[in-house]
Amino acid sequence: MPGPAAVGPRPASVPTAGDEPRDTGCYPLTDGGRCYEPGEFCRQATEGAVGVAGDGETIVCETNDGLRWEPVSTTTSFTTTGFGTTTSFTTTGFGTTTSGVGLGTAAAFMGMAPTPTGRGYWLVTAQGRVSAHGDAAALGTMYGKSLNAPISHIVATPDGGGYWLVAADGGTFAFGDAGFYGSMGGQQLNAPVVDIAPTEDGKGYWLVASDGGIFAFGDAGFYGSMGGHPLNAPVVGIAPDYTTGGYWEVATDGGIFAFNAPFYGSMGGRSLNRPINGMTATTDDLGYWFVASDGGLFAFGDAGFYGSMGGVPIAAPIVGMATDQATGGYWMLGAGGSVFAFQATYFGSD
């Protein structure tokens, strides 16, 4: 399915050693372009999402006399509605002891990246702490360093010898053999960056923002984006199609947008118990999965359904997933650091 026409120029790639942290920013922004503050109403499409208030405080969109942005620095209760099951859990802020299965003592986990062998993976928190499991090597972290915005995601290089972290302000940080090909750090953004995807040879990457804007660096091709187009819900993830060189975007309502990539289906326009929080492609790029915050799993194309956490009590929302290149299965990651393996090998959680 052809994607919308390209919106905006492709940013120039300026190789440097990486991004330096800057002054604290906020995200997401209101329709008027200002920062949200704790207690203000948030949109249904962002329920369960984590953001940063104008004063730098971490906030989460949760139910409290309506959907509101509430501080995460105090005890916060979340409710996850599974398929026919409602589950509640509590977390006590970033950097403090938390209650519930799998909840760690650092910031919420934001993403995971598997090694190419399928024998390990890395997990990353919003504070930039990277933990290595299985055959994944510890190659560096942003934890303890001043960050302009929370880390949104992590992806590995094709050979597994490095990885990139991307922050909500578009800052990109390269470790191991990962090359730095540019970033959006320090540039004006219409919406926060939510995900990153590498090119097949690892000599470039795409960043995607919640408004669907795509930023291509290195040898990554720009094939269009949803930036500047009306969206029913924010974009939350991107997956590359190495067969075509294109990519897919997924929104929190399950809508899929294909750019130089085939369209295999979506959940757009259908009822969801919880918003979609991430996607990943199959090993042959002929299908994809995406996962909701309650652990519900949706498979399209040749993607197999090997199980999910939908309807199962979980201690924290699912924030993302990754493909096991060795088995063709997948992992899900909870915000507390718990990893759930489906036809994939489990190498530990945080």
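For the structure itself, consult the block above.
Okay, so let's go over this structure.

**Side note on the overall build of the protein chain**
Assigned secondary structure in the protein chain consists of zero helices and 23 strands. Across the 350 residues that make up the protein chain, the buried fraction comes to 57%. In the protein chain, the proportion of contacts linking residues at least 24 apart, taken out of those at least 6 apart, comes to 42%. Counting only carbon and sulfur atoms, one obtains 52% of the accessible surface of the protein chain, whose full area is about 13200 Å².

**Section: the sheet that holds strand β11 (residues 172–176)**
In spatial order, the strands read β9-β10-β11; together these three strands make up an open sheet with antiparallel pairing. The outermost strands of the open sheet, each flanked by one partner alone, are β9 (151–156) and β11. With strand direction ignored, the average angle separating the axes of adjacent strands in the sheet is 20°.

**Some remarks on the environment of D285**
Note on placement: D285 falls in the loop between β18 (276–281) and β19 (287–292). With a relative accessible area of 8%, D285 lands in the buried category. If we skip the residues at most four places from it in the chain, D285 touches P240, D241, Y242, T243, W248 and Y264. A distance of 3.1 Å separates a polar side-chain atom of D285 from the backbone nitrogen of Y242. A polar contact is formed between the side chain of D285 and the backbone nitrogen of T243, at a distance of 3.5 Å.

**Quick look at the pattern of salt bridges**
Considering all chains together, one arrives at three salt bridges under this definition. Here R34 makes a salt bridge to E40, at a shortest N to O gap of 2.7 Å. Under the relative-accessibility criterion, R34 is labelled partly exposed at 44%. A relative accessible area of 22% means that E40 is categorised as partly exposed.

**Some words on the packing of aromatic side chains**
The final tally for this structure, using the stated rule, is 20 aromatic pairs. Ring geometry for Y306 against Y330: centres 5.8 Å apart, planes inclined by 35°, an arrangement best described as tilted. Taken together, the residues Y306 in the loop between β20 (297–301) and β21 (318–323) and Y330 in strand β22 (residues 330–334) connect sequence positions 24 residues apart. One aromatic cluster in this structure is built from W248, Y264, Y288, F290, F298 and F300. The lysine or arginine in question, R68, covers the ring of F41, its NZ or CZ lying 3.9 Å from the ring centre.

**Some details on the pairing of β21**
Across a regular strand the side chains alternate sides, sitting on one face of the sheet and then on the other. A large share of β21 lies buried, amounting to six of its six residues. Here five bridges tie β21 to β22, and the two strands are oriented antiparallel to one another. Its bridge partner being in β22, I318 is matched across the sheet by G334. Linking β21 to β22, which pair antiparallel, is a turn of six residues; within it G328 sits at a positive phi near 85°.

**Looking at the sheet that holds strand β6 (residues 109–114)**
On the basis of which strands lie adjacent, the open sheet formed by three strands has the order β6-β7-β8 and antiparallel pairing. Unpaired on one side and paired on the other, β6 and β8 (130–134) mark the two borders of the sheet. On average, each strand axis in the sheet is inclined to that of its neighbour by 20°, with strand direction left out of account. In the sheet, strand β7 (residues 120–125) pairs with β8 via five bridges, with the strands oriented antiparallel. Its bridge partner being in β8, G120 is matched across the sheet by G134.

**Re the pairing of strand β10 (residues 162–167)**
Most of β10 sits out of view: six of its six residues are buried. Neither face of β10 is left uncovered, since the one carrying G162, W164 and V166 and the one carrying Y163, L165 and A167 both have all their residues buried. Note: β9 against β10, five bridges, orientation antiparallel. Across the sheet, the residue bridging to A156 is Y163, located in β10. Hairpin connection of β9 to β10: five residues between the antiparallel strands, including G160 at a positive phi of 75°. Relative to β11, β10 runs antiparallel, the two being bridged by five bridges. Residue pairing for β11: Y163 is matched across the bridge by F175. Count of turn residues in the β10/β11 antiparallel hairpin: four residues, of which G170 carries a positive phi of about 90°.

What counts, and where the lines are drawn
- Residues numbered from 1 in each chain as written.
- Predicted model: local features only at pLDDT ≥ 70, side-chain atom pairs only at ≥ 80, totals over all residues.
- Heavy atoms only, no water.
- Helix = DSSP H or I, 4+ residues; strand = E, 2+ residues; numbered from the N terminus.
- Buried < 20%, exposed > 50% of the residue type's maximum accessible area, 1.4 Å probe, protein only.
- Contact = heavy atoms within 4.5 Å.
- Areas by Shrake-Rupley, 256 points an atom, 1.4 Å probe, with all protein chains shown as cover.
- Pairing = 2+ DSSP bridges.
- Axes fitted to C-alpha atoms, helices over the stretch in contact; angles between N-to-C directions.
- Polar contact = N/O pair within 3.5 Å; in protein donor to acceptor, adjacent residues only side chain to side chain.
- Salt bridge = Lys/Arg side-chain N within 4 Å of Asp/Glu carboxyl O.
- Phe/Tyr/Trp six-rings, centres within 6.5 Å; stacked < 30°, edge-to-face > 60°.
- Lys NZ or Arg CZ within 6 Å of the ring centre and 35° of its normal.

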